[in-house]
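So the chains spell out like this:
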Amino acid sequence: MFLSWIIPAYNEEKRIEKTIREVDAYLHARRLADGYEIIVVNSGSRDRTAEMVRSIQNQISGLQILNVENRGKGWAVKKGMLAGKGDIRIFADADNSVSPEQFDNFLPHLCLSGQERPGCFGVVIGSIEIAGARIEEQAQWYRRMLGKLAKYVIRIGSGLWEIRDSQRGFKVFTRAAAEYVFPKQTIFGWGFDFEILLIAKRGGFGIKEVPVDWINPPDSKVSIGAYLTTLLELLRVRWNMIKGIYGR
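Below or above, wherever it landed, is the structure these notes cover.

So, the overall build of the chain
Part 1 of the reasoning: A count of helices and strands for the chain gives 7 helices and 9 strands.
Part 2 of the reasoning: Across its three principal directions, the C-alpha atoms of the chain cover 50 × 45 × 35 Å.
Part 3 of the reasoning: In the chain, which comprises 248 residues, the proportion classed as buried is 50%.
Part 4 of the reasoning: When contacts within the chain are restricted to residue pairs at least 6 apart in sequence, long-range pairs at least 24 apart make up 78% of them.
Part 5 of the reasoning: About 11,600 Å² of surface is accessible on the chain, with carbon and sulfur atoms providing 54% of the total.

Written as structure tokens, this is what we have:
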């Protein structure tokens, strides 16, 4: 299988069908020779998210639902990426804040199996902090300020200074990178993004940032308390680095 598209979802009954149909329409139009699958990882939703997905499974070939306990977005992503069968595996947010067709800009940078070449990468991530990115802001000013500050703290503390935006929910992995990184993932809250990138870096996989058009929704699930939690997770990553858990 060519591609696994992973969508972590928690209480997304209002938009999950629209999101799935947009992803499927894009992938169907690309006519991928080896096929694709869309895996919605239902993270213990308390609403009708799972029911909404099941209601359209007979209309969308390759659509799957994976029900997992609610241990954080990182847990849902880990389970989905390891369940995927694609040679390329992407996880993208359930609100399509980065539209599916932007995947076209990621594909040329990937080290596809049997087509490895100089300058290709095992991990390609969306970024709003490099030239060419565009942002449609709908979030409150204080969220934007905290987000900017958090990025610098993460870059300094995680050993990923060269990665300008580690937190976008649009990340693509080759099979080799996914199967190396996600079994080693230990953090399942909002800090999982920088942990998996650090694991990839320590594992020798090149990481490429690609500019994206990003819609910053006003109803983000990232609360103010999430920034404190992320700081604590950053300290855990530092401790794991000291203990050598991520290798060299």
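Describing the state of the cysteines
Part 1 of the reasoning: All chains considered together, the criterion is met by 1 disulfide.
Part 2 of the reasoning: Between the sulfur of Cys111 and that of Cys120 lies a disulfide, 2.0 Å long from S to S. The sign of the S-S torsion, about 105 degrees, decides the handedness of the disulfide formed by Cys111 and Cys120: right-handed.
Part 3 of the reasoning: The exposure class of Cys120 is buried, given its relative accessible area of 15%.

Quick look at the sheet that holds strand β7 (residues 170-174)
Each strand in a sheet pairs with another by means of backbone hydrogen bonds, the pair being arranged parallel or else antiparallel.
Part 1 of the reasoning: Pairing is mixed across the open sheet formed by 7 strands, whose spatial order is β3-β2-β1-β4-β7-β5-β8. The open sheet has two edge strands with one neighbour each: β3 (63-68) and β8 (207-211). Looking at each pair of strands side by side, their axes are set apart by 20 degrees on average, direction ignored.
Part 2 of the reasoning: Note that strand β4 (residues 88-92) and β7 share 5 bridges and pair antiparallel. Looking across to β7, one finds that Arg89 is bridged to Phe173.
Part 3 of the reasoning: In the packing of helix α6 (residues 192-202) onto the sheet, the strands contacted are β4, β5 (123-127), β7 and β8, and the crossing angle to β7 comes to about 30 degrees.

Some thoughts on the layout of surface pockets
Part 1 of the reasoning: Here the second largest pocket defines a volume of roughly 170 Å³.
Part 2 of the reasoning: For the lining of the second largest pocket, the secondary structure elements donating two or more residues are α4 (141-157) and α7 (224-243).
Part 3 of the reasoning: With 5 residues, α4 is the single largest residue contributor to the lining of the second largest pocket.
Part 4 of the reasoning: Each residue belonging to the lining of the second largest pocket can be placed in one class, and the counts come to 8 nonpolar, 1 polar and no charged.

Brief notes about unusual backbone geometry
Excluding glycine, a negative phi dihedral is what most residues carry, and trans is how most peptide bonds are arranged.
Part 1 of the reasoning: Residues other than glycine seldom take positive phi values, yet Asn11 does so here, at roughly 50 degrees.
Part 2 of the reasoning: Looking at the secondary structure, you find Asn11 in the loop between β1 (3-9) and α1 (16-30).
Part 3 of the reasoning: Residue classification places Asn11 among the partly exposed positions, given a relative accessible area of 29%.

Digging into helix α3 (residues 73-83)
Residue pairs spaced three or four apart in an α-helix point in one direction, given the helix's 3.6 residues per turn.
Part 1 of the reasoning: For α3, every residue scored as buried is listed here: Gly74, Trp75, Ala76, Val77, Lys78, Gly80 and Met81.
Part 2 of the reasoning: Buried positions along α3 lie against β1, β2 (36-43), β3, β4, β7 and α6.

Remarks on empty space enclosed by the protein
Part 1 of the reasoning: This model, assessed by the stated rule, comprises 1 cavity of 30 Å³ or more.
Part 2 of the reasoning: A volume near 30 Å³ is recorded for the largest cavity.
Part 3 of the reasoning: Forming the walls of the largest cavity are Lys151, Ile154, Arg155, Ile163, Arg164, Asp165 and Ser166.
Part 4 of the reasoning: Of the residues contributing to the lining of the largest cavity, the split by class is 2 nonpolar, 1 polar and 4 charged.

Some details on the pattern of salt bridges
It is possible for side chains bearing opposite charge to pair when their charged atoms get close.
Part 1 of the reasoning: One pass over the full model with this rule turns up 14 salt bridges.
Part 2 of the reasoning: Arg21 is the salt-bridge partner of Glu17, the closest N and O atoms lying 3.0 Å from each other. One end of the pair is Glu17 and the other is Arg21, both in helix α1 and 4 residues apart, which spans about a single turn.
Part 3 of the reasoning: Between Glu179 and Arg175 there is a salt bridge, with its nearest N and O atoms 3.4 Å apart. Residue Glu179 and its partner Arg175 are both found in helix α5 (residues 175-181); the two are separated by 4 residues, about one turn of the helix.
Part 4 of the reasoning: Counted as one network, the salt bridges with shared partners bring together Asp87, Arg89, Arg175 and Glu179.

Each value, and the rule that gives it
- Residues numbered from 1 in each chain as written.
- Predicted model: local features only at pLDDT ≥ 70, side-chain atom pairs only at ≥ 80, totals over all residues.
- Heavy atoms only, no water.
- Helix = DSSP H or I, 4+ residues; strand = E, 2+ residues; numbered from the N terminus.
- Buried < 20%, exposed > 50% of the residue type's maximum accessible area, 1.4 Å probe, protein only.
- Contact = heavy atoms within 4.5 Å.
- Areas by Shrake-Rupley, 256 points an atom, 1.4 Å probe, with all protein chains shown as cover.
- Disulfide = S-S within 2.5 Å.
- Pairing = 2+ DSSP bridges.
- Axes fitted to C-alpha atoms, helices over the stretch in contact; angles between N-to-C directions.
- 1 Å grid on protein atoms, 1.4 Å probe; cavity = no way out; pocket = protein on both sides within 12 Å on 5 of 7 lines; lining within 4 Å.
- Points joined across faces, edges and corners; volume = space filled by probe spheres on them.
- Nonpolar A, V, L, I, M, F, W, Y, C, P; charged D, E, K, R; others polar.
- Salt bridge = Lys/Arg side-chain N within 4 Å of Asp/Glu carboxyl O.

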